[in-house]
Amino acid sequence: MPENSLPTADTDAQKRGKSPLSLEISGISKSFGRFPALNDVSLHARDKEFLALLGPSGSGKTTLLRVLAGLERPDAGEVRFAGEDFLSLPVRSRKVGMVFQHYALFRHMTVAQNIAFGLTVRPRRERPSKSETADRVADLLKLVQLEDLGARFPAQLSGGQRQRVALARALAIEPKMLLLDEPFGALDAQVRRELRRWLRELHDRAGVTTVFVTHDQEEALDLADRVAILKDGRLIQLGTPNEVYEKPADPFVYDFLGAACRLPGVIEGGRLTVADWESKAPADAPQGRVDVFFRPDEVMFAPLDGAGLAGEVKAVVQRGPDARIECLIEGRLFELEARGPGVPSGVAPGLSLRIKPLRPKIYAAA
Amino acid sequence: MTLANPVVGARPVSSVRLPGLAILLVLASAVVMAVLVLLPLFVVFHDAFAKGIGKYLASIRDPDAISAIQLTLLVAAIAVPLNAAFGIAAAWCIAKFEFRGKAALLTLIDLPFSMSPVVSGLVWVLLFGAQGWFGTWLIDHDIKIIFATTGLVLATILVTFPFVARELIPLMQDQGSDEEAAALTLGAGGFTTFWRITLPNIRWALLYGVLLCNARAMGEFGAVSVVSGHIRGLTTTLPLHVEVLYNDYDFVGAFAAASLLASLGLITLVLKTGLEWRHAGELAANRRH
Amino acid sequence: MTAHAIPAAPVKARRPWVVHSVLPGFGLSLGITLAYLGAIVVLPLVALAIRPWELGLNGVVHALAAPRVAAALRLSFGLSALAALLNAPLGVLLAWTLTRYEFPGRRILDALVDLPFALPTAVAGIALTAIYAPTGPLGSLAAKVGIKTAYSPLGIFIALVFIGLPFVVRSLQPVLQDLDKEVEEAATTLGANALQRAVRVILPALGPSLVSGVSLAFARAVGEYGSVVFIAGNLPGKTEIAPLLIVIKLEQYDYAGAAAVGLAMVAISFGSLVAINGLQLFLARRGKA
């Protein structure tokens, strides 16, 4: 990476696919007392990849990020970066740009001093001159669109501004890898969406391998090249946003990635039976008792003589052309979504109809 | 304190909306404070100047008074930095690390606060007095601790032991270690991190603790009284000098010396209050002592 | 970058009792803390705990049961308890007016609450004596109605109220500040009048911190020396406080006897602290229910 500039990376997906492995995590385990935070986690990221660690709280995603930063020491396992043994490097030598969940800005320093910190603590020989440092800070302030705020203190900034200062501070050391811990966790929804797009652009321009932790599936699917889903300290699934959304590895992932409806069913002789609805079972489906999952907005409503699950409408909330329809299916209440033309005509409480899940996912019964 | 025309108004959120009751309560508070707290302060200065400013100045310029002031400054100059250094070290390991036995350590640090000053002096006599554990050894080697400056310093250190640590520990626990961790990821070493991140973050609380520690160190009476021996010009600190003069019925001299100590207390109070007003956020919450 | 072929071996914690942290300096800071704590607090306290038993169990019992010692302990603990109890209503009054009303001079009055802390005890001692002596401004008033203040238990009591007041006020203030106004407002909408709100809503919420403030004042009063010793008169068996008795025994080179009294004071203080903590816990739990 050339000095003092943020090179423009080629974000072409094909090229990224060919780029060399940069981060290799293998067999990482870590427990706090008796609580296992990470259990034999292995995954890898390619150079300049944007990788999301997604999971509920307590899934170990932040611990994994802190292991990468060197802030936690794993009990077992290996981390390599560009082939180099990363675990034997102390934090200060790893050159990772870490953005903390609550930013961890130095409260007694101005924005400019915060950003310059990483440059001013270098050994004297490698330390840039005062004017070089100032130039670099000015560049970074411009990059994060805070040109006029260099003299402010963190307490005088909004949450979104602090977040950007933290990012600029991390980028100042020309990091080999960027680590973000719930970067948007403390921001409100509007700011989150704006910053999300901006962060992705910044990543593409900076061309640094980025790992970010989030519990927000929408954020992960929206931003990342690939998503690693963790639960109880284990890696459950790793894939592109589309892969994990289309082919969730298990009911947990299915449930975690979006609203889910679940019904018990049986597969025998290639036929799937759920309540009174029978259909052809997918080839790769398990045999015997199964759980059938579908998204509440991926259903088709049909008249009572059509195919699907028999249901009775309990309540309808109309929102313009769309509607939320509460249906009683098999004695359970489901909140289904219908869009525009998909809204059955004359829908009203009391109406009986049939509901056909369009893309059911089938897992062996728990 | 004059409250001639108190514009008393309950804040909009107050539950008691009776201005009459409010005035009554404010007046009662003012009276309690005036009689119980302010009157003694007034008396100190009144009695110090009772025989005119000449007598006052003469009492303060007395050689014994001068040497008492010098000894007081010396003792504080040794005790306060030591306790400050200890406070920083203790706060660092207690606030930034998790280890077994922490609660016991905290209890031990707090212990001197609940001990009588006299006991804080007594324990040193038990160790280093003529009949103390190390008494004979000290006499054989001609080392004097009790009835000497060393004893005064030890007693003062014990009495003021927790001040700085108690100020810093809750604040540093509150601040967490994120900023330090951030500094490390940015390439800073351990010492740089402490010097450039931790210390600036605790500076006001440190100053606050040092201020209280110093005030107590200079004003301590009970503990030093036990180990001093009251040798005039040698082992009498300013508070002991007050006692000696008072017991000699030299009231002007006693109150003149006391007025110096009272001024120290007032200055401390002003600085402390100033810190509380200006840097409330950077002092440990709910811990004003 | 060339790859190092040796995989990182699982790192075994060097110190199983401490959670690993990337922050440096744990060993150094804990070492300093333990060494200093050991020398300044633990070693002297060990001496205090061991010395009395030179007298044997009977000797210790005998020393403490001697009429003069028993009287001094009774006086110290009894008057301290009474003074702390009076501090409760005074503290509630001051904390209430200082947090709930806005009036000219409020911030100054607030700052002055700490004066008894800031004023060195010997200074407070001679000033209180000057005020309450039969010739003093308040002492002479009391003498006219036949009440002896200075050189009597009442004088000691006044001094103990003086030094204990800030503890109660400062314990209550943050609670009163944070007390959810909505709770009071809810009580008002439910038809409670001011008195009912004060007694049934506010006082119970103050309970735990009132207990802790009063107990702090009590602990301070038990060991207090400087502000009491001048006003007390120090008549054996009548107005002689326990800390003074330690000083007297030391002057007679009765180290073991002095240590016995000191240890008894520490033990009784500690015992009452445990009891008060229990009461506080009980009140806090009831407050939550």
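See the structure printed just above.
Residues numbered from 1 in each chain as written. Chains lettered and ligands numbered in written order. Predicted model: local features only at pLDDT ≥ 70, side-chain atom pairs only at ≥ 80, totals over all residues. Heavy atoms only, no water.

Visitor: What's the story with the overall build of chain A in this structure? I'm lost.
Guide: Broken down by element type, chain A carries 10 helices and 20 strands. Seen along its three principal axes, the alpha-carbon backbone of chain A occupies a region of about 80 × 45 × 40 Å. Burial statistics for chain A: of 366 residues in total, 52% are counted as buried. A sequence separation of at least 24 residues applies to 68% of the contacts in chain A between residues at least 6 apart. Accessible surface, chain A: about 16700 Å² in total, of which carbon and sulfur atoms supply 49%. Mean positive and mean negative side-chain charge positions of chain A (51 and 49 charges, respectively) differ by 5 Å. (Helix = DSSP H or I, 4+ residues; strand = E, 2+ residues; numbered from the N terminus. Buried < 20%, exposed > 50% of the residue type's maximum accessible area, 1.4 Å probe, protein only. Contact = heavy atoms within 4.5 Å. Areas by Shrake-Rupley, 256 points an atom, 1.4 Å probe, with all protein chains shown as cover. Lys, Arg positive; Asp, Glu negative; His and termini not counted. Charge placed at Lys NZ, Arg CZ, Asp CG, Glu CD.)

Visitor: Teacher, can you tell me more about the side chain of S59 of chain A here?
Guide: All names here are of chain A. Position of S59 among the secondary structure elements: in the loop between β3 (50–54) and α2 (61–69). From its side chain, S59 meets the backbone oxygen of P56 in a polar contact 2.7 Å long. Residue contacts for S59: discarding those within four places in its chain leaves A37, L230, K231, D232, G233 and R234. (Polar contact = N/O pair within 3.5 Å; in protein donor to acceptor, adjacent residues only side chain to side chain.)

Visitor: So what exactly am I meant to see when it comes to the interface of chain B and chain A here?
Guide: By a frequent convention, interface size equals the accessible area lost on bringing the separate parts together. Of the residues lining the interface, 18 residues belong to chain B; the matching set on chain A comes to 19 residues. Of all residues in chain B, T185, L186 and R196 of chain B bury the most surface against chain A, accounting for 38% of the area lost on that side. Applying the counting criterion to the chain B and chain A interface returns one salt bridge. Residue R107 of chain A is joined to E179 of chain B by a salt bridge in which the shortest nitrogen-to-oxygen separation is 2.8 Å. Our count for the contact surface shared by chain B and chain A stands at five residue pairs in polar contact (both at pLDDT 80 or more). At the level of secondary structure, the elements contributing two or more residues to the side of chain B that touches chain A comprise α9 (178–185) and α10 (190–219) of chain B. Here the element with the most residues in the side of chain B that touches chain A is α9 of chain B; it accounts for seven residues. Of the residues contributing to the side of chain B that touches chain A, the split by class is eight nonpolar, six polar and four charged. (Buried area = accessible area lost by both parts, 1.4 Å probe. Salt bridge = Lys/Arg side-chain N within 4 Å of Asp/Glu carboxyl O. Nonpolar A, V, L, I, M, F, W, Y, C, P; charged D, E, K, R; others polar.)

Visitor: Would you explain the interface of chain B and chain C in this entry?
Guide: Across the contact, 94 residues belong to chain B and 94 residues belong to chain C. For the pair chain B and chain C, the summed buried surface comes to about 8400 Å²; carbon and sulfur atoms form 78% of the total. Summed over the shared surface of chain B and chain C, the number is one salt bridge. For D114 of chain C, the salt bridge goes to K272 of chain B, with nearest N and O atoms at 2.3 Å. Linking chain B with chain C are nine residue pairs in polar contact (both at pLDDT 80 or more). Within the side of chain B that touches chain C, the residues separate by chemical class into 67 nonpolar, 18 polar and nine charged.

Visitor: Looking at this structure, I do not really get the pattern of salt bridges. What am I missing?
Guide: As a working rule, side chains carrying opposite charge can pair if their charged atoms are close by. Residues and elements named next belong to chain C. According to the stated counting rule, one finds 36 salt bridges over all chains in the structure shown. Measuring nitrogen to oxygen at the nearest pair gives 3.2 Å for the salt bridge that ties D114 to R170. One end of the pair, D114, is in the loop between α4 (106–112) and α5 (115–118); the other, R170, is in helix α8 (residues 153–178), with 56 residues separating them in the sequence. Judged by relative accessible area, which is 7%, R170 ranks as buried.

By themselves these figures say nothing about function.
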